[in-house]
Amino acid sequence: AAIALPQRILFPLDKICMDWQQRQQPGAGLLNLGNTCYINVILQCLTYTPPLANYLLSHEHSQSCQQQGFCMMCIMEAHIRKVLRSSASAILPGAVLRDLKFIGEEFEYGRQENAYEFLRCILNAMQRACLSGSSNLDTSSQETTIIHQIFGGFMRSRVTCLSCQAVADSYKAFLDVSLDIRAASSLTTVLEDCVTPKELDLKECFKCSKCKKNVTASKRITIHQAPRVVTFCLERADQWTGKKISKFVEYPEYLDLRPYMSDTAGEPLLCSLYAIVVHSGNTCLEGHFFCYTKASNGLWYKMDDESVDYCDTYTILRQQAYLLFYAR
């Protein structure tokens, strides 16, 4: 099976601009209204995602938006403009806080929440905004919004029959990649492990279409189509104990996705790191989020709520990262 072709392309790939249209100093910091640091870090990482910022700064969305009431794309457009154009040293992301319940019903104002969950919800809210007014679209067409064209990719899951080598492929769209770091020392070792074939135990029995019976099989997951912006979550909550995994996991400034692709031959697929979210604190349920982002002037800044401070690359690569954002 191949990836189904969309009947309609909602946002053409060639309209995405990966390089900043204008270079400037970083914009304003974001005020914290008590436990809102998880919101601030994600808003800052998205503000400094060049293809998203370029699109939203062009006003293309708001000029044609028909949405009545809550629209995450309109809110993001106004927010990014405010941050990058403001002369204030810090602003309040008021509209986001006001509409928190529309972004994700699980979020409660004033309560510490998880930045990764917030990222997933805000991307889904932007995705819904891009689809408003287009009903009855097939799934493949829904995956051609600007959000999927920037953050979306496809994973291929290939199951191979170990007696006759027949393969069965399935594909799944994704907007982020969550990684188990319990056994890992670096991002690249986790990714290598992810694409290493795993033998399925017989409980997950695979019925081979050639052998016509349940057989032992192996499964291999690879990136089939790489996103323009790839987001990794290094899972810091141990799924078994719930304790925080506080170790340092090494990550590169430049990452080649090619070795983790279905097709490993061909040109390198180079991505460069442009934003990092860090969680400080002893447990996953408390503590503080801050982030580092690369501004359009090419320099790194530590963004910790209202403060925005220049930072060197050495410091960038030594963090206990929770989320990593790479752009092609």
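In case you missed it, the structure is sitting above this.
Here's a quick rundown of the structure. (Residues numbered from 1 in each chain as written. Predicted model: local features only at pLDDT ≥ 70, side-chain atom pairs only at ≥ 80, totals over all residues. Heavy atoms only, no water.)

## Some thoughts on the overall build of the chain
For step 1, the next point in the chain: Per the secondary structure count, the chain includes eleven helices and 16 strands.
For step 2, the next point in the chain: The C-alpha radius of gyration computed for the chain amounts to 21 Å, which stays within 12% of the reference 20 Å derived for 328 residues, consistent with globular compactness.
For step 3, the next point in the chain: Counting only C-alpha atoms and orienting by the principal axes, one finds that the chain spans roughly 70 × 45 × 40 Å.
For step 4, the next point in the chain: A burial count over the chain gives 49% of its 328 residues as buried.
For step 5, the next point in the chain: Summarising the internal contacts of the chain: among those between residues at least 6 apart in sequence, 69% fall at separations of at least 24. (Helix = DSSP H or I, 4+ residues; strand = E, 2+ residues; numbered from the N terminus. Rg over C-alpha atoms; globule rule 2.2 N^0.38 Å. Buried < 20%, exposed > 50% of the residue type's maximum accessible area, 1.4 Å probe, protein only. Contact = heavy atoms within 4.5 Å.)

## Observations concerning the pairing of strand β4 (residues 167–174)
For step 1, the next point in the chain: Inspection of the sheet shows strand β3 (residues 153–161) paired to β4 by eight bridges, in the antiparallel sense. Within β4, the position partnered with arginine 158 by the bridge is aspartate 169.
For step 2, the next point in the chain: With antiparallel pairing between neighbouring strands as the criterion, β3 and β4 make up a hairpin whose turn holds five residues, including glutamine 165 at a positive phi of roughly 70 degrees. (Pairing = 2+ DSSP bridges.)

## A few points about the pattern of salt bridges
For step 1, the next point in the chain: As enumerated under the stated definition, the model contains eight salt bridges in all.
For step 2, the next point in the chain: Between glutamate 108 and arginine 111 there is a salt bridge; the shortest N-O distance is 3.3 Å.
For step 3, the next point in the chain: The class of arginine 111 is partly exposed, set by a relative accessible area of 37%.
For step 4, the next point in the chain: For arginine 158, the salt bridge goes to aspartate 169, with nearest N and O atoms at 2.8 Å. Separated by eleven residues along the polypeptide, arginine 158 in strand β3 and aspartate 169 in strand β4 bring together distant segments of the chain.
For step 5, the next point in the chain: Note on arginine 158: relative accessible area 27%, which makes it partly exposed.
For step 6, the next point in the chain: Among the ionic contacts, a cluster of salt bridges with common partners joins Glu108, Arg111 and Glu113. (Salt bridge = Lys/Arg side-chain N within 4 Å of Asp/Glu carboxyl O.)

## Regarding helix α10 (residues 187–194)
For step 1, the next point in the chain: Among the residues of α10, Leu187, Val190 and Leu191 are the ones counted as buried. Angular distribution of buried residues about the axis of α10 spans 95 degrees; they occupy a single face of the element.
For step 2, the next point in the chain: Along its buried surface, α10 packs onto β5 (177–180), β10 (229–235), β11 (254–256) and β16 (321–327). (Arc of directions from axis to C-beta.)

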